[in-house]
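Overview (structure and organization)
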Amino acid sequence: MGFEPKIIAFCCNWCSYAAADLAGTARMQYPHNVRIIRVMCSGMVHPELVLDALSHGADGVIVLGCHLGECHYQDGNRKALARSEVITELLEDFGYETERYEISWLSSSEPDRLVKAFTGITERVRKMGPVNARDLAG
Amino acid sequence: MAVRTVLEWLNSCSGCEIAILNIGEALVPLLTRHLELVHAPILMDHKYLGQRGDGTEFNIPEAEVGLVSGGVATVEHLQVLLQMREKCRILIALGTCATHGGIPALMNGQDRKEGWEGVFQTRTTDPGCSVPDVEVPAPLDRVYACDEKVEIDLFLPGCPPNPALIAEVLMAVVEDRDPVLPHKSVCDTCPVIREGKGAVSVVRRFLVNAEFLAEDPIDRMRCLLEQGFMCMGPVTAAGCAGGGLPRCIAARVPCRGCFGPVRRDGNQMLDMMNALASNGSDFKSVVDRRSLLRFSGAHGGLRPLRRKSAAERG
Amino acid sequence: MLETKKVGSVMIVGGGVTGIQAALDLADAGYFVYLIEKSGAIGGAMAQLDKTFPTNDCSMCIIAPKLVECGRHLNIRILTLSTVAGISGSAGNFKITVKERPRYVDVDKCIACGLCAEKCPKKVSDEYNAGTGRRKAVFLKYPQAVPLKYQIDPEACLQLKKPGSCGLCEKVCDAGAINFADTEKAHAFSVGALVLAPGFEPFNPEAAGIWGFGKFPNVITSLQLERYLSATGPTDGHLARPSDGKPVRKIAFLQCVGSRDENKCGKGYCSSICCMAAIKEASMVKEHMPGLSASIFYMDMRTHGKGFDKYYEQAKSELGVRFVRCRVHGVEPHGKNGDLRLRYINEQGRQVEEYYDMVVLSVGIETPKHMLDMADLVGIQMTANNFAAASDFSPVTTSKEGIFTCGAFAGPKDIPQSVVEGSAAAAAVAQFLAPARGKLTRGKAYPEERDVSMEAPRIGVFVCHCGSNIAGVVDVVAVEKHAATLPFVVHVERNIFACSEDTQQTLISRIKEKGLNRIVVAACTPRTHEYLFRGTLKAAGLNEYMVEIANIRNHNSWVHAENQQVATTKACDLVRMAVAKITSSVPLAAVTVPIVPKGLVIGGGLAGMTAALSLAEQGFEVHLVEKTDKLGGNSLNLKHTYSGEHVPMKVAKLIDRILLNEKVILHKESVVSGVEGFVGNFKTTLKNVNGRSRTIEHGVGIVATGGKIYSPDEYGYKTIRRVVTSIEFDKLHDLKETHVKRGKSFVFIQCVGSREKERMYCSKVCCTHSVQSAIELKREDSSRNVYILYRDMRTYGERESLYKKARQMGVVFINYELHGKPKVTANGKSIDVELWDHVLHRPLLIKADMVILAAAIVANKDAENLAKLYNIPLEENGFFQEAHVKLRPVDFMTDGMFMAGLAHYPKPVDESVAQALAASARAATLLSRKEVTLDAVKAIVDPAFCDGCALCIDVCPYQAITLVEKDAVTADGQAVKIVAINEAQCKGCGLCQGTCPKRGVYVAGFTLDQLRDQVRAALQA
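Residues numbered from 1 in each chain as written. Chains lettered and ligands numbered in written order. Predicted model: local features only at pLDDT ≥ 70, side-chain atom pairs only at ≥ 80, totals over all residues.

**What to know about the domain arrangement of chain B**
Residue and element names in this part refer to chain B. The domain architecture assigned to chain B consists of domain 1 (3-175) and domain 2 (183-302). Domain 1 and domain 2 are separated by 28 Å when their C-alpha centres are compared. Opposite the 21 residues of domain 1 that make contact, domain 2 presents 16 residues. At 3 residues, the largest contribution of residues to the side of domain 1 that touches domain 2 is made by helix α4 (residues 96-100). Per-class residue counts for the side of domain 1 that touches domain 2 are 10 nonpolar, 10 polar and 1 charged. (Domains from an automatic or database assignment. Contact = placed C-beta atoms within 7 Å. Helix = DSSP H or I, 4+ residues; strand = E, 2+ residues; numbered from the N terminus. Nonpolar A, V, L, I, M, F, W, Y, C, P; charged D, E, K, R; others polar.)

**Side note on the interface of chain A and chain C**
Of the residues lining the interface, 39 residues belong to chain A; the matching set on chain C comes to 41 residues. Listing elements by their share of the side of chain A that touches chain C, those giving two or more residues are α1 (16-25), β2 (34-39), α2 (47-55) and α3 (76-93) of chain A.

**Here we look at helix α8 (residues 268-278) of chain B**
Across the 11 residues of α8 of chain B, 11 count as buried, placing the element largely inside the fold. Buried residues of α8 of chain B: Q268, M269, L270, D271, M272, M273, N274, A275, L276, A277 and S278 of chain B, and no others. Structurally, α8 of chain B contributes buried residues whose contacts are with α2 and α3 of chain A. At the exit of α8 of chain B stands G280 of chain B, carrying a positive phi of roughly 85 degrees. (Buried ≥ 20, exposed ≤ 12 C-beta atoms within 10 Å, placed from the backbone.)

**Quick notes on the sheet that holds strand β36 (residues 700-703) of chain C**
Residues and elements named next belong to chain C. Read across the open sheet, the 5 strands follow the order β32-β31-β30-β36-β47; overall the sheet is parallel. In this open sheet, the two strands that pair with only one neighbour each are β32 (664-667) and β47 (897-899). Averaged over all neighbouring strand pairs, the angle between strand axes comes to 20 degrees, with direction disregarded. When strand β31 (residues 621-625) meets β32, the two strands line up parallel, connected through 4 bridges. What sits directly across from H623, in β32, is I665. Helix α23 (residues 909-927) contacts β30 (598-602), β36 and β47 of the sheet and is inclined by roughly 170 degrees relative to β36. (Pairing = 2+ DSSP bridges. Axes fitted to C-alpha atoms, helices over the stretch in contact; angles between N-to-C directions.)

**Structural notes on the sheet that holds strand β28 (residues 547-551) of chain C**
Sheets are built from strands paired through backbone hydrogen bonds, the pairs being either parallel or antiparallel. Residue and element names in this part refer to chain C. Read from one edge to the other, the open sheet built from 4 strands follows the order β26-β25-β27-β28, with strand pairing classed as parallel. Strands at the two margins of the open sheet, each flanked by one partner only, are β26 (489-495) and β28. Across the sheet, the axes of successive neighbouring strands diverge by a mean angle of 15 degrees, strand direction being ignored. Each of β25 (459-464), β26 and β27 (518-523) is contacted by helix α11 (residues 476-484), which is oriented at about 170 degrees to β26, the strand it contacts most.

Spelled out as structure tokens, the structure:
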């Protein structure tokens, strides 16, 4: 069997988790590689969690929040976005490819976007191979 | 009965040992009554392989407690550390180099080969020199904190560590109790005025003085981070405080982070950058962010930048 | 006159979703409820459905929590197998006698083990499965039934018919629950009001003969199809032909069977729900069987509800459901193997013959005789179509004082509208019985919470089969085995339906027997079911937050149906993650805050006024905010409701009542400029036209900001005079403007701005409006030529009689499609309207004196501002988004906020009023309490780690974090700082937690360590 990446997805309770529920209701099929962790807001995700996931063998991490401007907590997703920029920059420092991390926005009624996001990161990471499989020093 | 004690230093500058001296008056009863120093390279000439260097067994005497300063950068450091672990019932990592790699672990952020060549082959002064492969112990792939190689019973970070805390730890061992050590961040004992960091849009280097009135006490000064200076206080372990005030802050200088991360497995750079971004500051205004790990580059905190493949470079 | 002393209890007849909603709202608002159900269990028609439109939610999944809530509510007494036998007394204090038929099973003893049914030798047709399956003489109505008790059907039971002939069930019942000697019981109750919500029955197409129902086995009704598709149905969700079990490859749906058909069925009205039901069912069968072809034969596609047109479009363009505009008049057999033949005239005018494996009759709804008898008994008026008669301005009030009605009994309607009416009836009752509120209710008492703080975790894992929804894909036994290997797990079991009433009882007993202190339920989504299990934990004396749900259905079995192996692996992972998370959970104490017993209603139109008045008449102070200088809103533009009531007069009366009611405080020419606070304690700042601000404290808010008419860019509206919108036309007509008065030719164009790409929704009111105007024009002068150009005539429900009348009066209806829109050009004094005639199959030119555009209703721009201020969402068309389209149609996701009227979606007067009343009822469930319990998922400061560094202060979006000084001091006497959280302001978003570098602050139930444990558990191979 080929390489099956493990993806951790942090989904906010209000939009993306609900969209994932809806994807189920609509019986949309998507890669089985993703494990969803429910958070109240994408802004709740401490960067430490992303690094922790990668260092424990996650091949990719995705944070899914509400569309910018539609955060259930005013601007939590903007905070998440600011953090994401930090994470993306720092991933290089910690020896991970930035492509292993992604943040995306979708509403509770957009399971199709969720499926696209899940499929997207799974396929991308599948091509990259397992996390840290490469010689870090190049 | 006095507690058998050994001191060792690995990749160390002897600052930690000076900190022991700085315990001051309390050192006298410690040395004369409570501790029996059976091995301490800084004080006595005790060779590892016999006094004539003809032994075959690595020799550090057994002891109740061992203090080890410095990180692990070479094969020899590692050998010594393993010996220490074997011989000491309680092994204490003394100083930030031992606990988090310290300044030498800045090396971890670079390619090791290039780093060593830089050290031994400064072409302007040493034309034709090469990295020695005899006499100098072989380097490890990077600089490690002690707990990455052996189990450590007690961590006492600081660059240098606080003499009062060294005394507390030693007395705790003598009295067979848990030492009372701070576990919060530098801010815990920092009395400055704090209101929130939301107004900081960019972070400045400490090239100009902070704003304060010289006649005012420290607790009338605005938080240095809130003044826009890169103060590492919130992400740095407390312990430096003497007379109740963090040392650098007492001098109205931002915290440099020398006690390492506030949570032992924390990451000062990540935490600081995250805190800034969360507060809406432009994290890109931080000059040389990797230097935020200047004291805690071990534990994989600092790594050489990943070389991008040809495809990634485009 | 002596006022009757009002009684604080209410009887609701009908345990369907409507009655349940009314019961819950009334019980929560301080009234004791008797819920009278004719059958052996509540749930009604919704419990029979497989999926619900337009979200395709599993019907049972969304109604089950309500059933359970109803079943365990302290202030609701459910009487099953019961009917009203007599009524006396007067409004406010009725004496109602109820006849309870014998169940022959002692509900106190029955544990629903099912042994009796297993042994029962007698099988009969099963009503719950609409005759598609068979049940025993002793049976459970359906697996999730509330109450979950067996019953004996005396018509079928051998023993009851001939004593001594059987009695097997009695022998096998260890609980001794079988009681053949059970007798009919008569109860007499004193109640203040009566609510009739008995629902409907599907039309039986057998008698008409032409569809071959009852003759050809492969002709089934839409309800039967629901049962075939349902996992709990007779075929476990597999669709096969009843005649030979052959897989269905070609299926046809015939619309309007028993609706819009006076000839064969004697029913002139439209049943309103069948178009959407057929689209849903067609979509579902296509999903069940890829490659299947599904055709829907219809006259007008009536998808007028919120989100319906989009659903229709998706079915058409994405799923490939075929829609054929044509009435098929009969079904014939084709050959001997059960195939069916349909003959019809297609849109090109040709006769076509097609063959199908199965034909589904989209049967309409009707009021059966026994309900008519009951209406007669209690003495209320019915309409000509046999629905409860009510005014459009008080749609849930019957002709008899103190008796209210809601749901399909009051006219054909879908689930959301029924739920709205259930709540509306609750409001109407509460208005009527306001003085008796709280007189007969009992308080909730839970057993004392067990202190588990010193116990090691003892986790119980419950793996739900969800019928076949999970177990059909996931190897649940493997999940059970895996769960048993996890740390701290001391008990694992599987349940067919974890959400059912009996499983709740099981959970409670397991918690007690095994000393469990943490529960993991591997089932569906916590978003709908978490609170159910929390309630169960409370009932078991455990802290309600000690439960974690592993979503192995929505996030797993449903999305990985094609690969059982990976679905099983993932289910194990999800269970492991849930166990990891719950292990470090700690009991959380809920936060209670007092409720300011005042309401704020934004918008002084019909909906806003109705809601405000309803709250005021229930005894609560209400602030009514209107941005203009007069009340009335869009209703000021209307003249008659569809049933002919005079709008200006009714609205004027309503305005009078508002002005006279001293509990209503009016703020005209004011808008909301700032909002603070949270449920129970909002502080809204109003700014009036003079720039003066005023802050109002209120416990709840109702948004009724209305909508507005679309200003068309099409059909020469902005260039040709006498091309007007329908509202403008009404004014001209009213003023007897010359062109209207003298006009001989009028063309109405429907769907102007509606049902188009940028506005894919139906404005709902325009078909009826145009038809009414057309009738009026014809009535004035029958020689006038009046044309209505339409895409689908959507005179739904009893509005259909208007459509019929217009046709009888000679109004010409011409269908057009989106690709062949009419062309409107000025031609001297008249206007040329050109279009393609689908009947004559040639272009048509109409010379019109006036063209009336049925312009769309669009969302108000103000909505965006309110949405931001109150943190309430808008949907894609700018209307407010309800918490759940089916079951919470007037609630916002934000606690304490509700909506009504056009702000939610275009709708006619009666529906706006019903929704306004519903919003008032929902609001009253909060206002009638002294305090509200807030979710305990909030930020908590850990004094062991927080050192007051202040990194989190400005990150909090709610300013809930402040820096305070601790009692402690540093060595040199400095005060030590720490942050503090305002619990009422904190919403638990965790931005602070995501910022703090030292675990100084965490969100209860979502701590960083818990999330990290989940991550690590997920990555454990």
